[in-house]
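Notes for the structure review
Residues per chain, in single letters:
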Amino acid sequence: MELESLYQEVILDHYKHPANKKLSPDYTAQVHHVNTSCGDEITLNLSLKDGLISQVSWEGVGCSISQASTSIMTDLMIGKNTESALSVLGEFTSLMQSKGLAKGDELVLEDAVALAGVSKFPARIKCALLGWMAFKDAISQSVTQQEK
Amino acid sequence: MELESLYQEVILDHYKHPANKKLSPDYTAQVHHVNTSCGDEITLNLSLKDGLISQVSWEGVGCSISQASTSIMTDLMIGKNTESALSVLGEFTSLMQSKGLAKGDELVLEDAVALAGVSKFPARIKCALLGWMAFKDAISQSVTQQEK
Amino acid sequence: MTSPIDVAALKRDFAIFDKKMRGGKQLVYLDSGATSQKPRQVLDAERFFYENNNAAVHRGAHLLAEEANEAYEGARQIVADFIGAGADETIFTKSATESLNLIAYSFGNSKPGSKFHLKAGDRIVVSEMEHHANLIPWQQLAKRTGAELVWFEITEEGRLDLSKIADVINKKTKIVAITHQSNVLGTINPIQEITQAAKKVGAVVVLDACQSAPHFQIDVKELGIDFLAFSGHKALGPTGVGICWGKGEHLSEMEPFLTGGSMIETVTMTDATWAPAPRKFEAGVPNMAQAVGLAAALNYLSKIGMDRVAEHDALLTEYALSKLVALPGVSVIGPQNGLDRGAVVSFTIDGIHPHDVGQALDGNGIAVRTGHHCAWPLMRKLNLVGTTRASFYIYNDLQDIDILVQSIGEAQKFFGVL
Amino acid sequence: MTSPIDVAALKRDFAIFDKKMRGGKQLVYLDSGATSQKPRQVLDAERFFYENNNAAVHRGAHLLAEEANEAYEGARQIVADFIGAGADETIFTKSATESLNLIAYSFGNSKPGSKFHLKAGDRIVVSEMEHHANLIPWQQLAKRTGAELVWFEITEEGRLDLSKIADVINKKTKIVAITHQSNVLGTINPIQEITQAAKKVGAVVVLDACQSAPHFQIDVKELGIDFLAFSGHKALGPTGVGICWGKGEHLSEMEPFLTGGSMIETVTMTDATWAPAPRKFEAGVPNMAQAVGLAAALNYLSKIGMDRVAEHDALLTEYALSKLVALPGVSVIGPQNGLDRGAVVSFTIDGIHPHDVGQALDGNGIAVRTGHHCAWPLMRKLNLVGTTRASFYIYNDLQDIDILVQSIGEAQKFFGVL
Ligand SMILES: Cc1ncc(COP(=O)(O)O)c(C=O)c1O
Ligand SMILES: Cc1ncc(COP(=O)(O)O)c(C=O)c1O
């Protein structure tokens, strides 16, 4: 089995002990996303304060990849401003589309580089992106909200 | 060209000089049939008197096969009782489905045996049968009518 | 007990088994419930059509058109014979999904007074174990007409709960749309009991035979049904072809679905009349090569013999059930034994998400399906996010199941759940 | 002038030309307007898919499913590029007929308030030269919604009569469904003039590109249209696959047509929500192999170059027109010269019914189409029972036309009309 290349230790750790997996009672935006091909679901709460991401919390069911990826993402994003958060998100999306060719910049993506192997498995890219896309959606909703 | 095997002299003659091709003003039943794949149409009037087919007349547009076949059919049918008319019709239908293997009984089918070659051309069988099917329909309508 | 099929010999007809999977592994294809592999006889038949008889049917008088017509109508006869139907009642569609939509839309198009016209107060019956393809078209028809959608529930064991059949199929019921075999549970439903109840109240029965027609002998008359749908691609046939069968007396009264060329009698700028069935339901230049390919597929199955296919299926299913039921941490979904159960086995593994199970099995060359299997309401009922499904067909053998069982153990070890 | 295509070399890709016709004659295939022949590149691509990547797309996580997905979505990108569209706007159907029905039914399914909802007082515009596939779906939609169906007439020359365009496309007009090129007359219609008029009143334009997309370069943006339909089988592709393109902004607001698996977002027993386009419009396991085959066909055309295909077509059409117009007793239907005219030439012969013409030509190995060409209202307008139609494509050469012309003379002699 070559499973190790996909399921790195750090992924299995996040899967077993996901970070921020408990919805905060208050939030700037709440979103619900579904992976229609497998039925995985996520609810994500985001709080913005003074342009900074003060809180990201979530709940959901999904495979180890989607759970670990979401967990890693929340750790990464909390404390960033929206601009750099979106830039990290862009970098992660590129990594996912790299078809196994890129390794990812550990200085930017930290634990998320462990997900580089997913890019070799097209059907799993959606799993890895589920939480990130929910986050992106929540950011854009928060921003519109605050502009009002 | 092997056209001669399909278009026998007798067919071309009937095509150029079709018999009974002028609708009679009175009839027991009138039917209108269409060959949906090519658009050929026929209107056919049938008169039954004392169980005998006293008149078959028609109008329509169509290829040489459909025109000649209808012309031959009317010549054959006029004067027959419905039972033997339907038996001739059955024999002609079998001939058409014979895929070029049968020659047809000239004693029964007379000029219609000239159409035997049509059975080798599946797309033309409908042409040859257009008038005959209209006739069959008219017979069954006449009979129901007279039963009333 | 040994299989009546010589799998090793038969497998040579399927070129895909020569392909190497990840890490050089051999292909263990356990996803025939989603789509089957194709023997070369099917691919050759399609190619022969294209290289020798390709022309538009119903539309030309030239030699190729005649040959295309014969090939296409010959294919129709073969399909009709396969299900005990008349050729004029057998409609080529693109898929079972289209077939089921055809029936639902045709009913929706029918005018007041037609026996197919639905209105508020009428009832459409489905079941909790339907594939989305035999559920959503009826949801939509119900919404459009005001009819009520009701359903059979399932028992703990994963069978149709027919205990309230007289309440479910009552005087208001116009349509009963039911699957012959669940694509998740493997359950084979007692169709005759349902057709009897439907007949009593004058309802028509639509049978989704996607999972049954490829696997055991079907006779539409014996079943007593009114409509049947199945897909070619699950029956060794090409993609892009399905079958919709309907009783002749129904088809002749029904409104068309797709409209266009070849399905008409006459046309003016404002109006059109329809050709008789099956042409009324086959608008446009049809999927001729796929029809020919499907006929070759059904001939291939008939040559093996559907009884033997069923016996082989039963052998594999029993073996798989006995092995999987015994595995620690593994739960089989649906009936736990082979009685009235087709060659589909869904299961869950404690602590491993189905997606991860599928990935782990893929690492050993095993192709299974994971997720909700287009039966999301059933998943909710079972309180599951999804399952892993192994499904079997004529090219599988007991060794495939052994590899599956062993790989499950490896996956449990890898994910640390054992 | 010589053709930019080396027909003799290219013909070797098409095995059907090795086949002998009646009496050992060579095939002169002049029926590409009905369906085209297929090069081995297309048949090989389909077979490769079946033998190496066959699995259900969108539904599995195993290697074959991933590869099937890549093949299918890659095919979509190739089709999209071919017509200057986005991949997400490009829907695989089974045929142009299904594509046009998809649009019409989707409009019919839309709710009051939607920009696609039609009601009494609204207007749908077609033309007298439409193929049944782009006429009857709109007749039916008009009947279902109470909208009015009106049409452009044709001129004596066989062109669209746009003199009353402002009356025909008026404020009430919601849909203009028009053919890019008539399959009978060969006329190529001035689409931009129509889209401009439609835009002014906020109507959408549906283009039937069955006869154009295979023959010359098309760019949906340049044309300014809203929807486009064409069939794979007329473009060197397999049977059983068609394309429906729609502007993304429309597709996202439209109701689905076929419902079932893979087109959903969530499903409960009573309700469902839809996936984004194009999946919303592709219910069920799709015609994967045919999509892959169509992509190979379009790649084949692109490799030749659509400009060269068009130049070659024009050369044959001009030559055929010049020869046929000069024949005694022969009347060409539609424009008499090559200006804005595609590779389709219909004609009648005094004293010989089209069916008999076709039969006589068939005797010389020539495949033409005869009859009403699924454009019955046009035939009535022209006061004809039918025509004989010769249509040309990349594998035809001038000699094919010479054989046609000579055979027409022989037929006239045989039937004694000269
Ligand atoms: C102009 C035109 N529109 C529509 C169609 C219908 O295409 P299909 O039968 O492939 O659906 C055709 C061909 O038959 C055509 O020539
Ligand atoms: C039970 C059942 N019904 C319907 C379908 C739909 O078949 P298709 O996607 O080929 O139209 C399937 C397969 O996907 C199925 O398993």
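Scope of this entry: the structure provided in the associated data block.

Conventions and cut-offs
Residues numbered from 1 in each chain as written. Chains lettered and ligands numbered in written order. Predicted model: local features only at pLDDT ≥ 70, side-chain atom pairs only at ≥ 80, totals over all residues. Heavy atoms only, no water. Helix = DSSP H or I, 4+ residues; strand = E, 2+ residues; numbered from the N terminus. Rg over C-alpha atoms; globule rule 2.2 N^0.38 Å. Buried < 20%, exposed > 50% of the residue type's maximum accessible area, 1.4 Å probe, protein only. Contact = heavy atoms within 4.5 Å. Areas by Shrake-Rupley, 256 points an atom, 1.4 Å probe, with all protein chains shown as cover. Salt bridge = Lys/Arg side-chain N within 4 Å of Asp/Glu carboxyl O. Polar contact = N/O pair within 3.5 Å; in protein donor to acceptor, adjacent residues only side chain to side chain. Least-squares fit on C-alpha atoms with pLDDT ≥ 70 in both. Phe/Tyr/Trp six-rings, centres within 6.5 Å; stacked < 30°, edge-to-face > 60°. Buried area = accessible area lost by both parts, 1.4 Å probe. Arc of directions from axis to C-beta.

1. As for the overall build of chain C
The helix and strand inventory of chain C stands at 14 helices and 15 strands. The C-alpha radius of gyration computed for chain C amounts to 22 Å, which stays within 12% of the reference 22 Å derived for 418 residues, consistent with globular compactness. Taking all 418 residues of chain C together, 70% fall into the buried category. Here the analysis covers contacts within chain C between residues at least 6 apart in sequence; of these, 72% occur between residues at least 24 apart. About 12700 Å² of surface is accessible on chain C, with carbon and sulfur atoms providing 51% of the total.

2. Observations concerning the interface of chain C and chain A
Contacts between the two partners involve 19 residues from chain C and, on the opposite side, 25 residues from chain A. There are one salt bridge connecting chain C and chain A. Here D356 of chain C makes a salt bridge to R124 of chain A, at a shortest N to O gap of 3.0 Å. Our count for the contact surface shared by chain C and chain A stands at seven residue pairs in polar contact (both at pLDDT 80 or more). Ranked by the residues each element gives to the side of chain C that touches chain A, the list is headed by helix α12 (residues 354-362) of chain C, at four residues.

3. Examining the relation of the copies chain C and chain D
Of the transformation superimposing chain C on chain D, the axial component is 0.0 Å and the angular component is 180 degrees, with the fit at an RMSD of 0.0 Å. As the rotation angle and translation indicate, the two copies are arranged about a two-fold axis. Here 100% of the interface residues in chain C have copies in chain D that are interface residues too; the copies meet face to matching face.

4. As for the environment of L382 of chain C
Residue and element names in this part refer to chain C. Position of L382 relative to the elements: it lies in helix α13 (residues 376-382). Taking relative accessible area as the criterion, L382 reaches 25% and is therefore assigned partly exposed. The sequence separation of L382 and C244 amounts to 138 residues, and the corresponding C-alpha distance is 31 Å. Contacts of L382, omitting those with residues within four sequence positions, involve I154, L185 and I333.

5. Digging into unusual backbone geometry
With omega at 5 degrees, the peptide bond leading from A277 of chain C into P278 of chain C counts as cis. In this structure, S262 of chain D takes a positive phi of about 70 degrees despite not being glycine. When you line up the elements, S262 of chain D lands in the loop between α9 (248-253) and β9 (264-267). The phi dihedral of H373 of chain D falls on the positive side, at around 55 degrees, and the residue is not glycine. Summarising the element assignment, H373 of chain D is placed in the loop between β14 (369-371) and α13 (376-382). We classify H373 of chain D as buried; its relative accessible area is 0%.

6. Considering the packing of aromatic side chains
For any pair of aromatic rings, the description rests on two quantities: the centre-to-centre distance and the angle between the ring planes. Residues and elements named next belong to chain C. Applying the stated criterion across every chain, the model contains 34 aromatic pairs over all chains. Between the aromatic rings of F14 and Y395, the centroid separation amounts to 5.1 Å while the plane-to-plane angle is 70 degrees, which identifies the pairing as edge-to-face. Remark: Y395 occurs in the loop between β15 (387-391) and α14 (398-414) and F14 occurs in the loop between α1 (7-11) and β1 (28-29); sequence separation between them is 381 residues. An identical accessibility class is assigned to F14 and Y395; each is buried. Ring plane angle 35 degrees and centroid distance 5.2 Å describe the contact between Y72 and F92, whose orientation is recorded as tilted.

7. Quick word on the interface of chain C and chain D
Every contact between the two is made by 95 residues of chain C and, on the other side, 95 residues of chain D. Each partner contributes to the roughly 7800 Å² buried at the junction of chain C and chain D, and carbon and sulfur atoms together form 58% of this total. Our count for the contact surface shared by chain C and chain D stands at ten salt bridges. Between D44 of chain C and R47 of chain D there is a salt bridge whose closest N-O contact spans 2.9 Å. Scanning the region where chain C abuts chain D turns up 42 residue pairs in polar contact (both at pLDDT 80 or more).

8. Considering helix α2 (residues 9-16) of chain A
At 3.6 residues per turn, the α-helix brings residues three or four places apart onto the same side. Listed in full, the buried residues belonging to α2 of chain A are I11, L12, H14 and Y15 of chain A. Viewed end-on, α2 of chain A has its buried residues packed into an arc of 160 degrees, placing them on one side of the element. Those residues of α2 of chain A that are buried are in contact with α1 (3-6) and α3 (64-77) of chain A together with α12 and α14 of chain C.

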